[in-house]
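Listed below are the residues making up each chain.
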Amino acid sequence: MNYENILLSIEDGIAHLRLNRPAKRNAVNNGLLQDIEAALDGMGADATVVVISGEGAHFSAGLDLSEHQVRTPFEVLQHSQWWHRVFHKVQFGGRPVVAALHGAVVGGGLELATSTHVRVAGRSTFYQLPEGQRGIFVGGGASVRVSKIIGPDRMTEMMLTGRRYDAEDGYRLGLSHYLVDDAEVLPEAFRLARQIATNAPLSNWASINAVANIGDMSMANGLYTESMAAALAQSSDEANKRMQDFLNRKKG
Ligand code: 1HE
């Protein structure tokens, strides 16, 4: 399938989804959001892990401001919920997603990045939530996902002042898990994606679904849910085989 705003390739179980509006700094217009959603929906079982990156000098400049129009509150609400639906598919679509970041990871670009599970940033990366300067508010999940990573206090300050965190700051705060030279971003992202792809699918499923959901639960519910996820994973043929392989290798 051909997309207007992304490039998509799948090789050896790894899908590479590239935001492809470099002239507009990969600003997220409706077409780009539609393409991300269609690509995620359309990926078959041959893609077990996804790498998301941006073409050109930036990962993404966030919401495409040129699509701004006066909308009713209900229309804005529905638009925001569409973003939520797409980024929910990124986070909970069943495949681990690795973000390869460089340049601007701004506004909606940061909302997309923080929907992913593993983030590798190049030294050119910077993070910003400039919504306050644009007279709007976040609407793609930042107040939940960014806030969970850096804390509501720091996110409030980030929005009020429009402050830019550089790549080092972002690494220190957990906006990226890896910090490398720009030339190493994609190789490192693919190395990690290949490593993740060797895990048992059920373990990956639990890591991306159970952990995030348990984080929103009471302690009692969380512990119960963890036991249920452990029961599923540990009683699988795959777990038995992998543990036997490990023990046999040790013996041998
Ligand atoms: C855009 C956008 C955009 C660039 N929408 N067109 N996001 C922002 O407020 C960020 C706005 N953008 C920037 O701050 C800068 O563009 C960057 C720091 C990201 C990159 O700077 P630079 O010097 O490389 O590029 P540029 O010259 O500013 O922009 C190049 C072109 O991209 C130019 O278009 P041209 O036709 O004049 O060539 C820009 O207009 C265009 N462009 N960013 C539309 N964002 C669900 S709610 C989420 C809410 C948000 O995401 S708010 C944050 C919006």
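Right, let's walk through the structure included here. (Residues numbered from 1 in each chain as written. Predicted model: local features only at pLDDT ≥ 70, side-chain atom pairs only at ≥ 80, totals over all residues. Heavy atoms only, no water.)

Around the ligand lies a shell of 25 residues, among which Lys24, Ala61, Leu63, Gly108 and Arg134 are the nearest. Measuring from an oxygen atom of the ligand, one finds a side-chain N or O atom of arginine 25 at 3.0 Å. Within the contact set of the ligand, an oxygen atom lies 2.7 Å away from a backbone nitrogen or oxygen of glycine 108. Taken by itself the ligand offers 1000 Å² of open surface, and the protein chains cover 66% of this. Every element with two or more residues in the shell around the ligand is listed here: strand S5 (104–106), helix H3 (108–113) and helix H4 (131–134). (Near = heavy atom within 4 Å. Polar contact = N/O pair within 3.5 Å; in protein donor to acceptor, adjacent residues only side chain to side chain. Areas by Shrake-Rupley, 256 points an atom, 1.4 Å probe, with all protein chains shown as cover. Helix = DSSP H or I, 4+ residues; strand = E, 2+ residues; numbered from the N terminus.)

Right, let's talk about the packing of helix H9 (residues 201–215) against helix H10 (residues 219–234) for a bit. It is the contact of H9 with H10, at a shortest axis distance of 10 Å, that shows an interaxial angle of 175°. Considering the angle they form, H9 stands roughly antiparallel to H10. Counted together, Leu202, Trp205, Ala210 and Ile214 of H9 and Gly222, Thr225, Glu226, Ala229, Leu232 and Ala233 of H10 form the full contact between these two elements. The class makeup of the residues in the contact of H9 with H10 is 7 nonpolar, 2 polar and 1 charged. (Axes fitted to C-alpha atoms, helices over the stretch in contact; angles between N-to-C directions. Parallel < 35°, antiparallel > 145°, perpendicular 65-115°, else oblique. Contact = heavy atoms within 4.5 Å. Nonpolar A, V, L, I, M, F, W, Y, C, P; charged D, E, K, R; others polar.)

Looking now at the nonpolar core. Ranked by internal contacts, the top residues of the largest apolar core, which has 41 residues, are Ile36, Tyr127 and Leu129. Taken together, the elements giving at least two residues each to this core come down to strand S2 (14–19), helix H1 (30–42), strand S3 (49–54), helix H2 (73–92), strand S4 (97–101), H3, helix H5 (142–150) and helix H6 (152–161). Core analysis: the next-biggest nonpolar cluster, separate from the first, contains 14 residues, Val49, Val98, Val185 and Ala189 among them. (Core = buried A, V, L, I, M, F, W, Y, C linked by side-chain atoms within 4.5 Å. Buried < 20%, exposed > 50% of the residue type's maximum accessible area, 1.4 Å probe, protein only.)

Spatially, the 6 strands line up as an open sheet ordered S1-S2-S3-S4-S6-S9, and their pairing is mixed. Because the sheet does not close on itself, it has two edges, and the strands there are strand S1 (6–11) and strand S9 (178–180). Each strand axis lies, on average, 20° off the axis of its neighbour in the sheet, ignoring direction. (Pairing = 2+ DSSP bridges.)

This brings us to H1. In this model H1 runs 18 Å from its N-terminal to its C-terminal C-alpha over 13 residues, within 8% of the 18 Å that 1.5 Å per residue would give. Where H1 is concerned, the buried positions are Gly31, Leu32, Leu33, Asp35, Ile36, Glu37, Ala39 and Leu40. Check the buried side of H1 and you find it contacts S1, S2, H2 and H3. (Expected span 1.5 Å × (residues − 1).)

This part takes up H10. In this model H10 runs 22 Å from its N-terminal to its C-terminal C-alpha over 16 residues, within 8% of the 22 Å that 1.5 Å per residue would give. Buried residues of H10: Gly222, Ala229 and Ala233, and no others. Buried residues along H10 cover an arc of 35° about the axis, so they all sit on one side. Exposed and oriented more than 90 degrees from the buried face of H10 are Ala220, Tyr224 and Gln234. (Arc of directions from axis to C-beta.)

To continue, consider the pattern of salt bridges. Side chains that carry opposite charge are capable of pairing whenever their charged atoms lie near each other. Within the structure shown, the criterion is met by 13 salt bridges. Here arginine 18 and glutamate 55 are joined by a salt bridge, their closest N and O atoms 3.6 Å apart. Taken as a pair, arginine 18 in strand S2 and glutamate 55 in the loop between S3 and H2 lie far apart in primary sequence, 37 residues in all. Accessibility expressed as a relative area gives 25% for arginine 18, which makes it partly exposed. (Salt bridge = Lys/Arg side-chain N within 4 Å of Asp/Glu carboxyl O.)

Looking now at the environment of serine 53. Turning to its location among the elements, serine 53 is positioned in strand S3. Serine 53 gets classed as buried once you look at its relative accessible area, which sits at 4%. Put simply, serine 53 and glutamate 75 are 22 residues apart on the chain and 29 Å apart in space, counted from C-alpha to C-alpha. Excluding residues that lie within four positions of it along the chain, serine 53 makes contacts with His16, Leu17, Arg18, Leu19, Phe59, Ala100 and Leu186. In terms of polar contacts, serine 53 uses its side chain to reach the side chain of histidine 16, at 2.8 Å.

Turning our eyes to something else, we now look at the side chain of serine 80. Note that serine 80 resides in helix H2. Only 2.8 Å separates the side chain of serine 80 from the backbone oxygen of glycine 139, close enough to count as a polar contact.

In this fold, leucine 7 is placed in strand S1. Residues contacting leucine 7, with those up to four places away along its chain left out, are His16, Leu17, Arg18, Asn20 and Glu55.

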